[in-house]
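Descriptive analysis of the structure
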Amino acid sequence: VFVLSNIVVCEEINRTPRDETELKTIGYLSNISKEKGIYLYLDVVTTLIEKGVRVRGLVAGPFQDKRTEIDVLSRINEVAGIDYLGRVDGAAKNQFFNDIDVLLFPSMYKNEAEPLCIYESLQYGVPIISTAKGCLQDMHPLSLGLVVGEDDDFFHAAVNQMLIWCDDDLSLEKVSKTCSRKFDILRDKWLVQLNILVSMITR
């Protein structure tokens, strides 16, 4: 058995420090389904907008099925301030991460493993709020955002954390910089493992 993290497949990017640290855009990127928490995401963003918080939502990814697509697009169309981008790859995905200030990943999928979007968020200096399903808790500790335990109330925890960051740009900036540094450390560590694996295969 040889363990290798998904972080090694993250493409290298020409990364520059984020120009702004104000919380304005909350992103969601996943295979869009109830299990992946799309309805929790919509509840959180809608609540913030209704509270008068000046944020918008940006949803990306393919729908699990037609029924989910109809339901989610209906919800999105009811709220001014949430946009659906569709599937994003390559330059479109890069732009997505450049455009968001926080990634909300409220997955309830029981077999959640090591989603690539978590590492991509760290790479772009984007803090993450997620559940603790699968490997998520180990992927981004509290210094990189917020991990909500399975027995805790994700909705209220996420809303409260967003309100804190909205009131404290310096706190959000600090977390953002920590995300970028953590990504570099993790990627360097696992690239060493990748080189070992390649050597084992090719020797």
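Refer to the structure presented above.
All of the points below concern the structure found in this document. A quick note: this is a predicted structure, and the numbers were derived from the prediction, not measured.

Taken as a whole, the second largest pocket holds about 250 Å³ of empty space. As for the second largest pocket, its lining consists of 15 residues, and the residues nearest its centre are Leu29, Ser30, Asn31, Pro62 and Lys93. For the lining of the second largest pocket, the element with the highest residue contribution is helix H4 (residues 116-123), accounting for three residues. When the residues that make up the lining of the second largest pocket are grouped by side-chain class, the tally is seven nonpolar, three polar and five charged.

Attention now moves to the packing of helix H1 (residues 38-50) against helix H6 (residues 154-167). Viewed as axis vectors pointing N to C, H1 and H6 meet at an angle of 40°, and their least axial separation amounts to 10 Å. Comparing the axis directions of H1 and H6 gives the class oblique. Classified by chirality, the crossing of H6 by H1 is right-handed. From H1, Leu40, Asp43, Val44, Thr47 and Leu48 reach across to H6, where they touch Phe154, Phe155, Ala158, Val159, Met162 and Leu163. Along the lines of polarity and charge, the residues of the contact of H1 with H6 split into nine nonpolar, one polar and one charged.

Tallied over the entire structure, the rule returns nine salt bridges. As a salt-bridge pair, Arg56 and Asp83 come within 3.7 Å of each other at their nearest N and O atoms. Here Asp83 lies in strand E3 (residues 82-86) and Arg56 lies in strand E2 (residues 56-60), a separation of 27 residues in the sequence. For Asp83, a relative accessible area of 38% puts it in the partly exposed group. Here Glu173 ties to Lys177 by a salt bridge, and the two come within 3.2 Å at their closest N and O atoms. One end of the pair is Glu173 and the other is Lys177, both in helix H7 (residues 169-202) and four residues apart, which spans about a single turn. By relative accessible area, Lys177 is classed as partly exposed at 46%.

Looking now at the side chain of Lys133. Position of Lys133 among the secondary structure elements: in the loop between strand E5 (128-131) and helix H5 (136-139). For Lys133, a relative accessible area of 19% puts it in the buried group. Among residues more than four places away in sequence, those in contact with Lys133 are Ser107, Met108, Tyr109, Lys110, Glu112 and Glu150.

With five of five residues buried, strand E1 (residues 25-29) is to be regarded as a mostly interior element. Here E1 shows two buried faces, one formed by Thr25, Gly27 and Leu29 and the other by Ile26 and Tyr28. As defined by bridge partners, E1 adjoins E2 across five bridges and the pair is classed as parallel. From the neighbouring strand, Gly27 faces E2, where its bridge partner is Leu58. In terms of strand pairing, E1 meets strand E4 (residues 102-105) through two bridges, oriented parallel. Considered in E4, the bridge of Gly27 is made with Leu103.

So, about H7. Between the first and last C-alpha of H7 there are 49 Å, a value that for 34 residues agrees with the 50 Å anticipated at 1.5 Å per step. Looking at H7, one finds that the buried residues are Leu172, Val175, Ser176, Thr178, Cys179, Ser180, Phe183, Leu186, Arg187 and Trp190. Contacts made by the buried residues of H7 are with E4, H4, strand E6 (145-148) and H6. Backbone nitrogen of Leu170 and a side-chain oxygen of the N-cap are separated by 3.3 Å at the start of H7; the cap is Asp168.

Rules behind the numbers
- Residues numbered from 1 in each chain as written.
- Predicted model: local features only at pLDDT ≥ 70, side-chain atom pairs only at ≥ 80, totals over all residues.
- Heavy atoms only, no water.
- 1 Å grid on protein atoms, 1.4 Å probe; cavity = no way out; pocket = protein on both sides within 12 Å on 5 of 7 lines; lining within 4 Å.
- Points joined across faces, edges and corners; volume = space filled by probe spheres on them.
- Helix = DSSP H or I, 4+ residues; strand = E, 2+ residues; numbered from the N terminus.
- Nonpolar A, V, L, I, M, F, W, Y, C, P; charged D, E, K, R; others polar.
- Axes fitted to C-alpha atoms, helices over the stretch in contact; angles between N-to-C directions.
- Parallel < 35°, antiparallel > 145°, perpendicular 65-115°, else oblique.
- Left-handed = near helix turned anticlockwise from the far one by under 90°.
- Contact = heavy atoms within 4.5 Å.
- Salt bridge = Lys/Arg side-chain N within 4 Å of Asp/Glu carboxyl O.
- Buried < 20%, exposed > 50% of the residue type's maximum accessible area, 1.4 Å probe, protein only.
- Pairing = 2+ DSSP bridges.
- Expected span 1.5 Å × (residues − 1).
- Polar contact = N/O pair within 3.5 Å; in protein donor to acceptor, adjacent residues only side chain to side chain.

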